[in-house]
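Each chain is listed here by its residues.
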Amino acid sequence: MMNFIKRGILMVISSPSGAGKTTLTKRLAETHNMLFSVSYTTRSPRAGEVDGTDYHFVTNDEFTRMVEAQEFAEWAVVHGNRYGTSIATVNRAIEQGTDCLFDIDYQGGQQIRRQWPQDSVLCFILPPSMNELERRLRERATDTAEAIERRLGMARKELAHYHEYEYLVVNDHLDKAFSELSAIYVAARCARFRNEPLAQSLLSEVVKRDH
Ligand code: ADP
Ligand code: 5GP
């Protein structure tokens, strides 16, 4: 088979905090050998978070420098901290055909979709209920009571943007939500435009043989 470099997929996963996007994104990245886009943030690391793996934790000054140097594909203020996606990761997807996963909020999702409408696939994870969302946030026990209240308040704001996404996946059972996201990814890989160079090349070979 001829080898054509396909443009990589920019798979954006958003959800209210606690709906399960970190869990699902990590599993998708491992299973499908996709690159997880490690964002830059000015927030402090939570217990167990590793610099360079979960986030690149940077100071406010460093973040400002990166904004000014245009090192971000998108950035936004979320829960009072700044978060940004490295432009290098997006370029790697587009130029080298590496499929990438972005765990980013709706503001980031909108910016990615606006800049790369054909390459991006936008998925929104819904919790089965608001009660379950609250239970997961409390059980995760990574935030203070005050931070959990703030995140629940923000969840409503984030939910209001569901209509900007192409896909809504309900994370009631983890395995089911995971296989639905996997199916969306595999379908995106088979999109006509991603495979068109091969189809065109086969067609021109057929035409040559016919003459
Ligand atoms: P987010 O990244 O959206 O804030 P997380 O992936 O951190 O959410 O998930 C929040 C908590 O809920 C974690 O403790 C995680 O283990 C748990 N969780 C995720 N999906 C499920 C599920 N389907 N059923 C029960 N618990 C879940
Ligand atoms: P957390 O602090 O819980 O890790 O993340 C808070 C929110 O910031 C989540 O909704 C997460 O998706 C979002 N986020 C993480 N990285 C980025 C990023 O690079 N850009 C944007 N716009 N949002 C991000």
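Worth saying up front: this structure is predicted, and the values here are computed from it rather than measured.

Enquirer: I'd love a proper account of the sheet that holds strand 1 (residues 10–14), names of residues and values included.
Expert: The strand order 2-7-1-8-9 describes an open sheet built from 5 strands, whose pairing is parallel. Single-partner strands in this sheet number two, and they are strand 2 (35–36) and strand 9 (167–170). Strand direction decides the pairing type here: strand 2 and strand 7 (residues 100–103), joined by 2 bridges, are parallel. Bridge pairing links F36 to L101 in strand 7. This element, helix 1 (residues 21–32), spans strand 1, strand 2, strand 7 and strand 8 (120–126) of the sheet and lies at about 170° to strand 7.

Enquirer: Give a detailed account of the pattern of salt bridges, specifying residues and quantitative values.
Expert: On inspection of all chains with the given rule, the structure shows 16 salt bridges. Across the pair R189 and D99 runs a salt bridge, and its minimum N-O distance is 2.3 Å. With R189 in helix 7 (residues 174–189) and D99 in the loop between helix 3 (87–96) and strand 7, this pair connects stretches of sequence that are 90 residues apart. According to the relative accessible area criterion, D99 is buried, its value standing at 8%. Between E134 and R138 there is a salt bridge; the shortest N-O distance is 2.7 Å. On the criterion of helical spacing, the pair formed by E134 and R138 is a turn pair, its members being 4 residues apart in helix 5 (residues 130–140). Of the residues examined, R138 reaches a relative accessible area of 38% and is grouped as partly exposed.

The rules behind each value
- Residues numbered from 1 in each chain as written.
- Chains lettered and ligands numbered in written order.
- Predicted model: local features only at pLDDT ≥ 70, side-chain atom pairs only at ≥ 80, totals over all residues.
- Heavy atoms only, no water.
- Pairing = 2+ DSSP bridges.
- Helix = DSSP H or I, 4+ residues; strand = E, 2+ residues; numbered from the N terminus.
- Contact = heavy atoms within 4.5 Å.
- Axes fitted to C-alpha atoms, helices over the stretch in contact; angles between N-to-C directions.
- Salt bridge = Lys/Arg side-chain N within 4 Å of Asp/Glu carboxyl O.
- Buried < 20%, exposed > 50% of the residue type's maximum accessible area, 1.4 Å probe, protein only.

Nothing here speaks to function; it is all geometry.
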